[in-house]
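# Observations on the model geometry
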Amino acid sequence: MVIEKICCLGAGYVGGPTCSVIALKCPNIKVTVCDKSVERINQWNSDKLPIYEPGLQDVVNQCRGKNLFFSTDIAKGIREADLIFISVNTPTKTFGNGKGRAADLKYVESAARMIADLATSNKIVVEKSTVPVKAAEIIMKILRANTKPGVEYQILSNPEFLAEGTAIVDLVEAERVLIGGEDTPEGQKAIQELCWVYEHWIPAKNILTTNTWSSELSKLAANAFLAQRISSINSLSAVCEATGADVSEVARAIGRDSRIGPKFLEASIGFGGSCFQKDILNLIYLCECLNLPEVAEYWQQVLNLNDYQKTRFTRKVIESLFNTVTDKNIAILGFSFKKNTGDTRESPAIHVSTTLLDEGAKLHIYDPKVEPEQIFYELTNPYITSDPEIVKKNVEIHDTAYSAVTGAHAIVLCTEWDEFKTLDFKKIYEAMMKPAYIFDGRKILNHEALQNIGFHVQTIGKRLSRVGSIRAQGSQTMP
Ligand code: UDX
Ligand code: ADP
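Residues numbered from 1 in each chain as written. Chains lettered and ligands numbered in written order. Predicted model: local features only at pLDDT ≥ 70, side-chain atom pairs only at ≥ 80, totals over all residues. Heavy atoms only, no water.

The environment of ligand 2 is made up of 15 residues, and the closest members are Tyr13, Val14, Asp35, Arg40 and Arg345. Note that an oxygen atom of ligand 2 is positioned 2.9 Å from one of the backbone N or O atoms of valine 14. The protein chains hide 90% of the 580 Å² of surface that ligand 2 would expose on its own. Take the shell around ligand 2: its biggest share by element is three residues, from helix α5 (residues 106-118). Of the residues belonging to the shell around ligand 2, the class tally is six nonpolar, five polar and four charged. (Near = heavy atom within 4 Å. Polar contact = N/O pair within 3.5 Å; in protein donor to acceptor, adjacent residues only side chain to side chain. Areas by Shrake-Rupley, 256 points an atom, 1.4 Å probe, with all protein chains shown as cover. Helix = DSSP H or I, 4+ residues; strand = E, 2+ residues; numbered from the N terminus. Nonpolar A, V, L, I, M, F, W, Y, C, P; charged D, E, K, R; others polar.)

Below, the structure written as structure tokens:
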């Protein structure tokens, strides 16, 4: 089989960018990205894509209408494809068995059933969504139990390692592509077919092939390791604040050890995003099911520490503001879970905002890329609040950072957007209530300069001397 047509089920953060880059790099392959959401597909076919990702619009513009198509005609997409990616959502279950931990595979199952219903020729079905180990078995069972005469399926696992905000670079210059398949001649042949697609732009040495279960587990393991690094450095940030050490200096020192390496050692208000928490919960659930409670507990601690960090930071904000934020105006700068994305899933800003709202604060939120409806969607979620009306009353979304901070008692910086580094903080100081506070949850601002302006500054993993702010308070006209 030579792959001429690819169909992707699910036009989300994974399916959309991945297939756009495949279309860009494989002009000889027709790539159709399908979604059951008409609104999402319309957005993919418009000038304003449904997700913000640097470089994505450019890639889509180059290929859309040539060999890249976005469509709601799932049946046609499935029928004509040689290879089908399943990139549907796999949220954590909110009810029943495994509630709060296991992945809800209903969308994966329904995608597999659609393929079984509609396919009339051989298909390679590739699991792209992050799934629990052995999810490929579910797809296999459904497809093989419903096989029509003359139709054969090969199921592969090909987890995606892109990070949001850098997705296009991660895809174009992938450090590794991982493909898992069955150890049968047909399974190995399917692996080679998918390798051929990636070899259009990825050096063969960077394409790793494994058995299906290793591939599935590697994705969970990679995310668990990355999250564990963040929890490790965040745990040390608390030690730094208590001792006078500086977590950035500690990270720099330990990162020089080539066995540790310098990446993913930025202490923060905690990790967010759709993957880390979900995947670790998956891993924990898997360990519990396998009767490995010690292993489950080990990974649970990575999540506990992340919750601790978010709580610790928010508590610091409240305590610094004389232990009450009732009716105080607080500017929240950044709402996405990291810079260069409009994605808010599991964003630490949600925890910070909700806690401050519970304490009676009035929030003024600004994020360069998150739509106001999305912010309200997160903050009025029934799992987050019992009183959405209070949230609507006490939250105002702003178009600029300057507008959000005007009249504010404090600024809480939750996302490390570059534009926050170059704000005119003298102007901001003038526009704020005094004493003016800044809580830098991402360690991106120049704290000494802020103190010299007159701000009270707090950050993560570093105890700041109050000398600057005390001096400045005595002379508020200083430059
Ligand atoms: C992650 C993985 O990196 C990616 O390989 C996988 O495919 C999906 O999950 P993503 O969640 O998009 O990607 O972003 P990532 O850059 O990993 O950041 C996750 C969270 O960790 C963010 O909230 C980020 O701000 C935080 N983070 C990251 C830190 O707090 N400190 C760091 O040093 C790095
Ligand atoms: P991810 O971050 O994993 O890409 P998203 O939630 O961004 O997840 O995207 C998943 C997409 O999959 C959604 O747009 C959803 O509408 C779509 N989807 C879910 N089930 C199906 C299905 N059976 N067929 C087509 N699309 C689906």
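Following the structure, the description resumes.
Take the site of ligand 1 next. Taken together, the neighbourhood of ligand 1 is formed by 20 residues, with Phe161, Leu162, Glu164, Ser268 and Arg442 sitting nearest. Between ligand 1 and arginine 442, the relevant distance is 2.7 Å, taken from an oxygen atom to a side-chain nitrogen or oxygen of the residue. Compared with its free state, where it exposes 670 Å², ligand 1 has 90% of that area covered by protein. Looking at which element gives the most residues to the shell around ligand 1, the answer is helix α9 (residues 212-243), with four residues.

What follows deals with the packing of aromatic side chains. With the rule as written, the count across this model stands at 11 aromatic pairs. Between tyrosine 198 and tryptophan 201 the ring centres are 5.6 Å apart and the planes differ by 50°, which places this aromatic pair in the tilted class. Since its relative accessible area comes to 4%, tyrosine 198 is described here as buried. Ring geometry for phenylalanine 425 versus phenylalanine 455: centroids 6.2 Å apart, planes at 85°, classification edge-to-face. Pair noted here: phenylalanine 425 is in helix α17 (residues 425-431) and phenylalanine 455 is in the loop between α18 (447-453) and β14 (456-459), with a separation of 30 residues, a long-range link. As far as the burial class goes, phenylalanine 425 and phenylalanine 455 line up, both buried. An aromatic cluster is built from Phe225, Tyr298 and Trp299, whose rings are joined through pairwise contacts. Across the ring face of phenylalanine 161, the terminal group of arginine 176 is positioned such that the distance to the ring centre comes to 3.6 Å. Over the face of the ring belonging to tyrosine 429 we find lysine 434, whose NZ or CZ atom lies 4.7 Å from the ring centre. (Phe/Tyr/Trp six-rings, centres within 6.5 Å; stacked < 30°, edge-to-face > 60°. Buried < 20%, exposed > 50% of the residue type's maximum accessible area, 1.4 Å probe, protein only. Lys NZ or Arg CZ within 6 Å of the ring centre and 35° of its normal.)

Let us look at the environment of aspartate 358. Assignment of secondary structure puts aspartate 358 in helix α13 (residues 348-358). Using a relative accessible area of 62% as the deciding quantity, one classes aspartate 358 as exposed.

Here the focus is α13. The element α13 is extensively covered by neighbouring structure, given that eight of its 11 residues are classed as buried. Considered for burial, the residues of α13 that qualify are Pro348, Ala349, Ile350, Val352, Ser353, Thr354, Leu356 and Leu357. Positioned one or two residues after α13, glycine 360 has a phi angle of 95°, which is positive.

Right, let's get into a nonpolar patch on the surface. Where nonpolar side chains cluster on the molecular surface, the patch consists of Leu290, Leu292 and Val295 and spans about 240 Å² of accessible area. By relative accessible area, leucine 292 is classed as partly exposed at 36%. (Patch = residues over 30% accessible without salt bridge, like charges linked within 9 Å, V, L, I, M, F, W, Y side chains within 5 Å. Salt bridge = Lys/Arg side-chain N within 4 Å of Asp/Glu carboxyl O.)

This brings us to the sheet that holds strand β11 (residues 395-397). With parallel pairing, the six strands of this open sheet are ordered in space as β11-β10-β9-β12-β13-β14. Sheet topology places β11 and β14 at the edges, where each strand pairs with a single neighbour. For this sheet, the mean angle separating the axes of adjacent strands, direction not counted, is 20°. Note: strand β9 (residues 329-333) against strand β10 (residues 362-366), five bridges, orientation parallel. Considered in β10, the bridge of isoleucine 332 is made with isoleucine 365. (Pairing = 2+ DSSP bridges. Axes fitted to C-alpha atoms, helices over the stretch in contact; angles between N-to-C directions.)

We now examine the state of the cysteines. Counted under the stated rule, the structure contains zero disulfides. Left without a disulfide partner, cysteine 8 is nearest to the cysteine sulfur of cysteine 19, which lies 3.8 Å away. For cysteine 63, which is in no disulfide, the shortest distance to another cysteine sulfur is to cysteine 26 and amounts to 9.9 Å. Look at cysteine 63 and you get buried, because its relative accessible area is 4%. (Disulfide = S-S within 2.5 Å.)

It is worth spelling out the packing of helix α11 (residues 276-289) against helix α12 (residues 293-320) at this point. Where α11 meets α12, the axes come as close as 8 Å, and the angle between the chain directions of the two elements is 160°. On the basis of the axis angle, α11 is roughly antiparallel to α12. In this structure, the crossing between α11 and α12 has a hand that is left-handed. Here Gln277, Ile280, Leu281, Leu283, Ile284, Cys287 and Glu288 of α11 come into contact with α12, specifically with Val295, Ala296, Trp299, Gln300, Val302 and Leu303. (Parallel < 35°, antiparallel > 145°, perpendicular 65-115°, else oblique. Left-handed = near helix turned anticlockwise from the far one by under 90°. Contact = heavy atoms within 4.5 Å.)

Running from N to C, helix α1 (residues 15-25) and helix α3 (residues 56-63) point in directions that differ by 50°, and their axes come no closer than 9 Å. Classified by the angle their axes make, α1 and α3 are oblique. The two elements α1 and α3 cross, and the hand of that crossing is left-handed. In this structure, α1 uses Pro17, Ser20, Val21, Ala23 and Leu24 to contact α3, whose residues at the interface are Leu56, Val59, Val60, Gln62 and Cys63. Class assignment of the residues belonging to the contact of α1 with α3 gives a composition of eight nonpolar, two polar and no charged.

The next thing to look at is the UniProt feature "active site" (unreviewed entry) in the chain. Per the UniProt record, "active site" (unreviewed entry) is found at Cys275. By the element assignment, cysteine 275 lies in the loop between α10 (247-255) and α11. Aside from chain neighbours lying at most four places away, what touches cysteine 275 is Thr130 and Asn223. (UniProt positions renumbered as here; feature names shortened; annotations may be inferred.)

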